[in-house]
Amino acid sequence: MGASKRRGTTRAGRGTISAARLAEMIEEATVDAYDECEQATGWFTKLEEHLDLPFQTDVLGVRATVEAIDLREDNRIVAVCRRGKAKQAIAIADLALPTPKPGGAEWIEAYRHWLGGL
């Protein structure tokens with residue numbers, strides 16, 4: 001999604017998405033998804049399409065690079081983070097987002113909202 005179509009606004013460094021846009025994003029990610037596996041695949045696809053990778057963030061106070069995202073067999077979407085030779089998968093819903101946020105981060109926010117974690 002191009003920057004001109006992003007409708008989130010920033011307040012005090014934290015992005016907010018209108019309720020209407022959230023509903024639109026949730027519909028877009030889960031359309032024709034009939035079970036948990038299909039819904040997770042829909043969200044993963046949207047994140048893969050829109051999230052600008054790689055980006056730097058802090059993981060437990062340490063700078064790390066989010067290199068990729070992955071969909072696990074248990075339907076969890078994780079961020080694959082690296083620092084040097086160490087690699088760690090962190091649930092994308094739990095990932096701290098840097099300021100400024102990477103392009104496409106509004107999809108993480110929408111996913112969190114859908115999960116009930118905003």
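Above this text sits the structure in question.
If you're wondering where the values come from, they're calculated on a predicted model, not measured in any experiment.

(A) Spotlight on the overall build of the protein chain. Of regular secondary structure, the protein chain possesses three helices and six strands. By the burial criterion, 38% of the 118 residues in the protein chain qualify as buried. Taking the contacts inside the protein chain whose residues are at least 6 apart along the sequence as the reference set, 43% of them involve residues at least 24 apart. Carbon and sulfur atoms provide 50% of the accessible area of the protein chain, an area that totals close to 7,100 Å².

(B) Fine view of a negative patch on the surface. Together, Glu 27, Asp 32, Asp 35, Glu 36 and Glu 38 line one region of the surface with negative charge. Assignment of secondary structure puts Glu 27 in helix α1 (residues 19–30). Residue classification places Glu 27 among the partly exposed positions, given a relative accessible area of 48%.

(C) Local environment of the pattern of salt bridges. One pass over the structure, following the stated rule, counts eight salt bridges. The shortest N-O distance in the salt bridge between Glu 28 and Lys 46 comes to 2.9 Å. One end of the pair, Glu 28, is in helix α1; the other, Lys 46, is in helix α2 (residues 36–50), with 18 residues separating them in the sequence. Look at Glu 28 and you get partly exposed, because its relative accessible area is 31%. With a relative accessible area of 13%, Lys 46 lands in the buried category. A salt bridge links Asp 58 to Arg 63; its shortest N-O distance comes to 3.3 Å. The class of Asp 58 is partly exposed, set by a relative accessible area of 39%. Within this structure, Glu 28, Lys 46 and Glu 49 form a network of salt bridges that share partners.

(D) Main features of unusual backbone geometry. Look at the link from Leu 53 to Pro 54: it is a cis peptide, with omega at -5 degrees. Its location among the elements puts Pro 54 in the loop between α2 and β3 (55–59). Within the chain, Asp 32 stands out as a residue other than glycine whose phi angle is a positive 60 degrees. Examined against the element boundaries, Asp 32 turns out to sit in the loop between α1 and α2. Phi at Leu 60 takes a positive value of approximately 55 degrees, unusual for a residue other than glycine. Looking at the secondary structure, you find Leu 60 in the loop between β3 and β4 (62–71).

Conventions adopted
- Residues numbered from 1 in each chain as written.
- Predicted model: local features only at pLDDT ≥ 70, side-chain atom pairs only at ≥ 80, totals over all residues.
- Heavy atoms only, no water.
- Helix = DSSP H or I, 4+ residues; strand = E, 2+ residues; numbered from the N terminus.
- Buried < 20%, exposed > 50% of the residue type's maximum accessible area, 1.4 Å probe, protein only.
- Contact = heavy atoms within 4.5 Å.
- Areas by Shrake-Rupley, 256 points an atom, 1.4 Å probe, with all protein chains shown as cover.
- Patch = residues over 30% accessible without salt bridge, like charges linked within 9 Å, V, L, I, M, F, W, Y side chains within 5 Å.
- Salt bridge = Lys/Arg side-chain N within 4 Å of Asp/Glu carboxyl O.
- Lys, Arg positive; Asp, Glu negative; His and termini not counted.
- Charge placed at Lys NZ, Arg CZ, Asp CG, Glu CD.

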